[in-house]
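Chain residues, written in single-letter form:
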Amino acid sequence: MKNIYSKLCSAAFIAAIGILPISLAAQNTSNPIKGKISLFPDQAQTTISKDIYGHFAEHLGHCIYGGFWVGEKSPIPNTEGLRNDVIAALRDVSIPNLRWPGGCFADTYHWKDGIGPREKRPSIINTNWGGVTEDNSFGTHEFMRLTELLGCDAYINGNIGSGTVQEMSQWVEYLTSDNESPMTRLRKENGRDKPWKVKYWAVGNETWGCGGNMTPDYYGNLFRQFSTYLGNFNGNNLQKVASGASDADYDWTETMIKNPKTRWMMQDISLHYYTIMDNWSHKGSATQFDEKEWFTTLKKSLQIEKIIKGHSDIMDRYDPEKRVGLVVDEWGNWFDVEPGTNPGFLFQQNTLRDAMVAALNLNIFNNHADRIKMANLAQAINVLQSLILTKDEKMVLTPTYYVFKMFKVHQNAKLIPIQLNCENYTFDKESIPSISASASKDDAGKIHVTLANFNPNKDQEITCDLGSATLTQVKGEILTAKSMSAYNNFDKAEEVKPQAFKGATIKNNQLKITMPAKSIVAIELN
Ligand code: AHR
């Protein structure tokens, strides 16, 4: 596919006057920014993998315990110990896959600790995350039941840092084999007769750091050794994910991918990129910020596109047919923990700024769907940039949650290449594009366009050229709020939630969109 996606963010275009509901009209309608998007629907070929909309659940803070798992005896409504409210909410965003049990926890996890009668499971120390006791009450059976209830694929992260080849190989056998063997017998003794299907398997996590502090050469050899013994039983076809780079560590990716045998043995290689505002010792508050921090967060987050291109270019040299997927299996905002909470639990609130970051990342992943086959936001519940927060029986859906809900229409749709021309958003002499966008066409022929207006002070008037598509109907949803730092919290009405969007009109096959300042819009065209 000819890649014509580009950002030429300086040109101004003919004004388009859309109809904006008064309640959502921004302050600056008198002086809106102008932009233009051209869609090329006849070039829609690449499928946006639904797995780009994946999630991540680590044994960290209250992601598993209190988040997904409350136990069968809990007064909180549950199915076999798994929270009903959380399951319903995640089904509603069509969660395609869930990664577990870590993160750094994965390379300390010994799966046999988490099977069999719960009262007999050993307690261990969660050395990475607060040194708290992990009683292993949530283990393999509970996780696989969770994926069944969510209707999603399992993405399991094996332990290469402190585990053995035999341990990892037996875990795969325990989960997926139906042959007569000690592992299948053990599974049956533990109450599960039929094997499960497991789609993705990571061979270690962050092996350059908490997963063993290895060099890429050393890890490459270990990856091949461990992978050799991960079997495909009963038609299960494990997609093996090699532990990949952090940020712009291109040497890691190149060392892994240039070796023909290592490349041949992997289906995917990972990339982790967190948006950290200043540095690890000052990450900033999730809720108390000004426009400078809003701008810096967006600017830092947008850097992921350059990093994806850097890794993709290397992969293209050795794998031009793009067989190996790049999976961004940890991404999102990482702020300081909320005051008074355990620093090891990584609990942060989630504002409209997080929604912007979610929207821009998902748009970027969509636009690079030729190489990005999966992505997993860190993390699903109560940790970092969460979709969901829980407090005892209460649950909050975050602004980030609503972005995943609005954008789910792109799952498995065909990516429509776009050309985006927009003005820059300038703050303190620095500039970023003011818009992020992506578009796709689904099986029913509907076209979806998702956009974010980063500018917190100015509306955007966007004209949209629909190319060869003949379309007459438009509808949409918008996510915005009164302030940049608005968030949803327990015991109060939601401040950030989608509403019907009336700011798009279609006439003579030309779409005109008026987007309020600091808003995210999803448009459906027929
Ligand atoms: O998501 C939190 C942690 O960030 C993960 O455990 C680790 O892989 C990464 O460094």
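Residues numbered from 1 in each chain as written. Predicted model: local features only at pLDDT ≥ 70, side-chain atom pairs only at ≥ 80, totals over all residues. Heavy atoms only, no water.

Engineer: When you look at the overall build of the protein in this model, what are you seeing that I'm missing?
Structural biologist: The helix and strand tally for the protein stands at ten helices and 28 strands. Relative to its length of 526 residues, the protein is compact, with a C-alpha radius of gyration of 23 Å against a globular reference of 24 Å. Of all 526 residues assigned to the protein, the portion counted as buried reaches 60%. Partitioning the contacts of the protein with sequence separation of at least 6, the portion at a separation of at least 24 is 77%. With the model as given, the accessible surface of the protein reaches about 19,800 Å², and the carbon-plus-sulfur share is 49%. When the 55 positive and 58 negative side-chain charges of the protein are each reduced to one mean point, those points stand 5 Å apart. (Helix = DSSP H or I, 4+ residues; strand = E, 2+ residues; numbered from the N terminus. Rg over C-alpha atoms; globule rule 2.2 N^0.38 Å. Buried < 20%, exposed > 50% of the residue type's maximum accessible area, 1.4 Å probe, protein only. Contact = heavy atoms within 4.5 Å. Areas by Shrake-Rupley, 256 points an atom, 1.4 Å probe, with all protein chains shown as cover. Lys, Arg positive; Asp, Glu negative; His and termini not counted. Charge placed at Lys NZ, Arg CZ, Asp CG, Glu CD.)

Engineer: Honestly, the sheet that holds strand β25 (residues 499-501) in this entry has me stumped. Any pointers?
Structural biologist: Strand pairing in a sheet is mediated by backbone hydrogen bonds. Such pairs are either parallel or antiparallel. An order of β17-β21-β22-β28-β24-β25 is seen for the six strands of this open sheet, with the pairing classed as antiparallel. Each edge of the open sheet is held by one strand with a lone partner, namely β17 (414-416) and β25. Along the sheet, successive strands turn relative to each other by an average axial angle of 25 degrees, direction set aside. Pairing of strand β24 (residues 474-479) with β25 involves three bridges; the strand directions are antiparallel. By the bridge assignment, G476 is partnered in β25 with F501. Contacting β17, β21 (435-441), β22 (447-453), β24 and β28 (519-525), helix α9 (residues 352-367) runs over the sheet at an angle of about 50 degrees to β21. (Pairing = 2+ DSSP bridges. Axes fitted to C-alpha atoms, helices over the stretch in contact; angles between N-to-C directions.)

Engineer: Explanation requested: the nonpolar core in the structure shown.
Structural biologist: If you look at soluble globular proteins, the nonpolar side chains tend to sit buried side by side. In terms of nonpolar packing, the biggest core is built from 121 residues, with F68, W201, F365 and I520 touching the most fellow members. Element by element, the count of residues in this core is highest for α9, at ten residues. Lining this core are residues from two domains, each supplying at least three of them: domain 1 (10-46 + 416-525) and domain 2 (50-412). Here F68 is in contact with A57, C63, G81, L82, R83, V86, L90, L98, L146, A380 and I381, once residues within four sequence places are set aside. Counting 28 residues, the second largest nonpolar core, distinct from the first, contains I37, I462, C464 and L466. (Core = buried A, V, L, I, M, F, W, Y, C linked by side-chain atoms within 4.5 Å. Domains from an automatic or database assignment.)

Engineer: Any chance you could explain the site of the ligand here in plain terms?
Structural biologist: Lining the immediate environment of the ligand, one finds 13 residues, of which E58, C104, E206, Y274 and E330 sit closest. At a separation of 2.8 Å, an oxygen atom of the ligand approaches a polar backbone atom of C104. The side chain of Y274 places a nitrogen or oxygen atom 2.8 Å from an oxygen atom of the ligand. Protein contact buries 94% of the 290 Å² of open area that the ligand shows by itself. Class assignment of the residues belonging to the shell around the ligand gives a composition of seven nonpolar, three polar and three charged. (Near = heavy atom within 4 Å. Polar contact = N/O pair within 3.5 Å; in protein donor to acceptor, adjacent residues only side chain to side chain. Nonpolar A, V, L, I, M, F, W, Y, C, P; charged D, E, K, R; others polar.)

Engineer: Whenever I open this one, the packing of helix α2 (residues 140-150) against helix α3 (residues 165-176) confuses me. Can you help?
Structural biologist: Packed helices, taken two at a time, are described by the angle their axes make and the gap between the axes. Contact geometry of α2 with α3 gives a least axis separation of 12 Å together with a crossing angle of 50 degrees. Between α2 and α3, the interaxial angle falls into the category oblique. Crossing of α2 against α3: the hand is right-handed. Two secondary-structure elements touch here, α2 through T140, H141 and M144 and α3 through W171, Y174 and L175. (Parallel < 35°, antiparallel > 145°, perpendicular 65-115°, else oblique. Left-handed = near helix turned anticlockwise from the far one by under 90°.)

Engineer: How do you make sense of the pairing of strand β18 (residues 418-422) when you look at a structure like this?
Structural biologist: A regular strand carries its side chains on alternate faces of the sheet. For β18, the buried fraction is high: four of the five residues fall into the buried class. As defined by bridge partners, strand β2 (residues 33-39) adjoins β18 across five bridges and the pair is classed as antiparallel. The residue bridging K36 from the neighbouring strand is N421, located in β18.

Engineer: For this particular structure, what's the right way to read the side chain of E58?
Structural biologist: Tracing the backbone through its elements, the reader meets E58 in the loop between β3 (54-56) and β4 (78-79). For the buried residue E58, which engages in no salt bridge, the nearest side chain bearing the opposite charge is R99, 6.4 Å off. A distance of 2.9 Å separates the side chain of E58 from the backbone nitrogen of F105, its partner in a polar contact. Only 3.0 Å separates the side chain of E58 from the side chain of Q379, close enough to count as a polar contact. Setting aside residues no more than four positions away along its own chain, E58 makes contact with C63, I64, P101, G102, G103, C104, F105, W129 and Q379. (Salt bridge = Lys/Arg side-chain N within 4 Å of Asp/Glu carboxyl O.)

Shape descriptors only; they carry no functional weight alone.
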